[in-house]
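Read off the chains here:
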Amino acid sequence: MAPSRSFELSDEAVQAILDRGRSLASAVELPAVDGPPPGIAEMVALFHSAHPTESLRAAAIARRGAGTHELETFSPLYLTNTCDSECRMCGMRRDNDRLLRDTATPAETAAQLRILKRRGVLAVGLLTGEYREETRRWSTALAREALGEALALEFRHVLVNVGSLGDDELAELLQAVPRDGDGRVTPKVTLCTFQETYDRRAYRKFMGTNPDNPRADFDRRLTNLDRAADAGMRVVNPGVLLGLSAHLDFELAALALHVQHLLGRGLEVYVSVPRLRQASGAANERGVSDDEFVRLLAILALGLPAAKVVVTTRESAAVQRRVLPLIKVLSAGSSAVAPYTADGARFPLEASQFEVIDQRPIEEILAEYLRQGVRFENFEPVSA
């Protein structure tokens, strides 16, 4: 496979889109049910328009039609809460002495995967921290072994969130994964790399500028999903941590540009837009209101219908209910290391990356929507 051109983000180009969108805000109409999706400038216009958020939500639901009852799910599984990065908002950051550190053994990871599968969860997200070059081989091996175990257990979708990787590290991560004749990986394996913020000033504020900090290189992180595509991955997951930048319209436009680039490469694209939450050793403010959050999700649903927007149980049950018709993936679970039991999970903030608000068992969360006729791909309820 010949590598394609990597994504480049021009602040000037984004600003031109914002200027155009703001100029259209007073006249932009709600998209028709059977019309084309709005362009990025029109998405910005809708964000700034006088249309009530509920009107945008209703328009997005109408366009999705029966798709509002067809969702995917997966549960996160943290392999470790160690990390070499220094992100100010994250409980796992290297210099957070208040976090209780833990790393699952291979046997513990395998046991956790078997627990999830017995509970009917057939898609899993594997997570680690992000590491300096000298420790990245260790973390890549940790993820590679867990990925192999999940595939051996026949999980239908495995998401991997391990930070930015070089070409050789991606090859190591995927070395035992079967390939199709075109060189792409056969099973559904997704690389997740959240830019966190596309606002370079906010990025420097929260991720720092120390060259030893593996998260500090904005452009290296920005191109990680292109390297994944070049390495043969078919599915990728960009994302924004809402609340780092005050300029939500900038985040919206930049994220949309990134998603369009990835779709143009023939990739299947998931999109994560978690909100900033409390974390061990970090005095985080949530920053983005419920109304802004729902408004953003409605506009993403209208403008990027091919992208699969992910919402997690960082959100309360009330917010989940409000946004469920707008999204395509609901992820339930804990952000602690190896937290799952036969019928529940641990949620210790002092050992977790961030606060999980909805701590109900996975089955209880999904069952609420199953009773309403929602169908969840990658979840098979277990009979009592």
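Refer to the structure printed above.
The structure reproduced in this document is the subject of the present report. (Residues numbered from 1 in each chain as written. Predicted model: local features only at pLDDT ≥ 70, side-chain atom pairs only at ≥ 80, totals over all residues. Heavy atoms only, no water.)

Observations concerning the pairing of strand β7 (residues 308–312)
Thought 1: For β7, a buried count of 4 out of 5 residues is recorded, marking the element as mostly surrounded by other parts of the structure.
Thought 2: Pairing geometry for strand β6 (residues 268–272) and β7, over 3 bridges, is parallel. Pairing of V271 across the sheet is with V309, part of β7. (Buried < 20%, exposed > 50% of the residue type's maximum accessible area, 1.4 Å probe, protein only. Helix = DSSP H or I, 4+ residues; strand = E, 2+ residues; numbered from the N terminus. Pairing = 2+ DSSP bridges.)

Examining the pattern of salt bridges
Thought 1: All chains considered together, the criterion is met by 30 salt bridges.
Thought 2: Across the salt bridge formed by D226 and R265, the nearest N and O atoms sit 3.0 Å from each other. Of this pair, D226 sits in helix α9 (residues 224–230) while R265 sits in the loop between α10 (248–264) and β6, and the two are 39 residues apart along the sequence. With respect to burial, D226 and R265 carry one shared label: buried.
Thought 3: Where R275 meets E315, a salt bridge forms, and the shortest distance between an N and an O atom there is 2.6 Å. Taken together, the residues R275 in the loop between β6 and α11 (290–303) and E315 in the loop between β7 and α12 (317–323) connect sequence positions 40 residues apart. The residues R275 and E315 share a single accessibility class, namely buried.
Thought 4: Among the charged side chains, a network of salt bridges with common partners joins E54, R57, D291 and R322. (Salt bridge = Lys/Arg side-chain N within 4 Å of Asp/Glu carboxyl O.)

Looking at the packing of helix α2 (residues 40–48) against α11
Thought 1: The N-to-C vectors of α2 and α11 enclose an angle of 150°; their axes lie 10 Å apart at closest approach. Between α2 and α11, the interaxial angle falls into the category roughly antiparallel. α2 and α11 meet at a crossing whose hand is right-handed. Facing α2, whose interface residues are M43, L46 and F47, α11 presents R295, I299, L300, L302 and G303.
Thought 2: When grouped by side-chain class, the residues that make up the contact of α2 with α11 number 6 nonpolar, 1 polar and 1 charged. (Axes fitted to C-alpha atoms, helices over the stretch in contact; angles between N-to-C directions. Parallel < 35°, antiparallel > 145°, perpendicular 65-115°, else oblique. Left-handed = near helix turned anticlockwise from the far one by under 90°. Contact = heavy atoms within 4.5 Å. Nonpolar A, V, L, I, M, F, W, Y, C, P; charged D, E, K, R; others polar.)

Considering a negative patch on the surface
Thought 1: A cluster of acidic residues, E133, E134, D167, D168 and D212, forms a negative patch at the surface.
Thought 2: Only α5 (133–152) and α6 (167–173) provide two or more residues apiece to the negative patch.
Thought 3: Structurally, D168 is set in helix α6.
Thought 4: By relative accessible area, D168 is classed as exposed at 54%. (Patch = residues over 30% accessible without salt bridge, like charges linked within 9 Å, V, L, I, M, F, W, Y side chains within 5 Å. Areas by Shrake-Rupley, 256 points an atom, 1.4 Å probe, with all protein chains shown as cover. Lys, Arg positive; Asp, Glu negative; His and termini not counted. Charge placed at Lys NZ, Arg CZ, Asp CG, Glu CD.)

Looking at the side chain of H258
Thought 1: As for its position among the elements, H258 is in helix α10.
Thought 2: When residues no more than four places from it in sequence are discounted, the contact partners of H258 are F7, Y198, L222, L225 and P238.

Considering the environment of R64
Thought 1: Among the secondary structure elements, R64 is positioned in helix α3 (residues 53–64).
Thought 2: Judged by relative accessible area, R64 falls into the buried class, the value being 17%.
Thought 3: Through-space distance from the C-alpha of R64 to that of P325 is 8.1 Å; in sequence the pair is 261 residues apart.
Thought 4: Excluding anything up to four places from it in sequence, R64 contacts E70, L324, P325, L326, I327 and K328.

Topic: the environment of K188
Thought 1: Along the polypeptide, K188 turns up in the loop between α6 and β4 (189–192).
Thought 2: Through-space distance from the C-alpha of K188 to that of Y340 is 23 Å; in sequence the pair is 152 residues apart.
Thought 3: Excluding its chain neighbours within four sequence positions, the residues that come into contact with K188 are E72, R156, H157, V158, R234, V235, E268, Y270 and K308.

So, the packing of helix α4 (residues 106–118) against α5
Thought 1: Between α4 and α5, the shortest axis-to-axis distance is 10 Å and the interhelical angle comes to 35°. Both α4 and α5 take part in a crossing whose hand is right-handed. On the side of α4, the interface is formed by P106, T109, A110, L113 and R114, while α5 contributes E145, A146, E149 and A150.
Thought 2: Its residues assigned to classes, the contact of α4 with α5 shows 5 nonpolar, 1 polar and 3 charged.

A word on the side chain of S272
Thought 1: In this fold, S272 is placed in strand β6.
Thought 2: For S272, a relative accessible area of 6% puts it in the buried group.
Thought 3: For S272, the side chain forms a polar contact with the side chain of N237, separated by 3.3 Å.
Thought 4: When neighbours within four sequence positions are excluded, S272 is seen to be in contact with F194, N237, P238, G239, V240 and V310. (Polar contact = N/O pair within 3.5 Å; in protein donor to acceptor, adjacent residues only side chain to side chain.)

Comments concerning the nonpolar core
For soluble globular proteins, nonpolar side chains are generally found buried alongside one another.
Thought 1: The biggest cluster of nonpolar side chains holds 115 residues, and the ones touching the most others in it are L297, L300, I327 and L330.
Thought 2: Those residues in contact with I327 that sit more than four places away from it in its chain are R64, L71, L297, V309 and V311.
Thought 3: One finds A123, L159, F194 and Y270 within the second-largest nonpolar core, a separate group that totals 9 residues. (Core = buried A, V, L, I, M, F, W, Y, C linked by side-chain atoms within 4.5 Å.)

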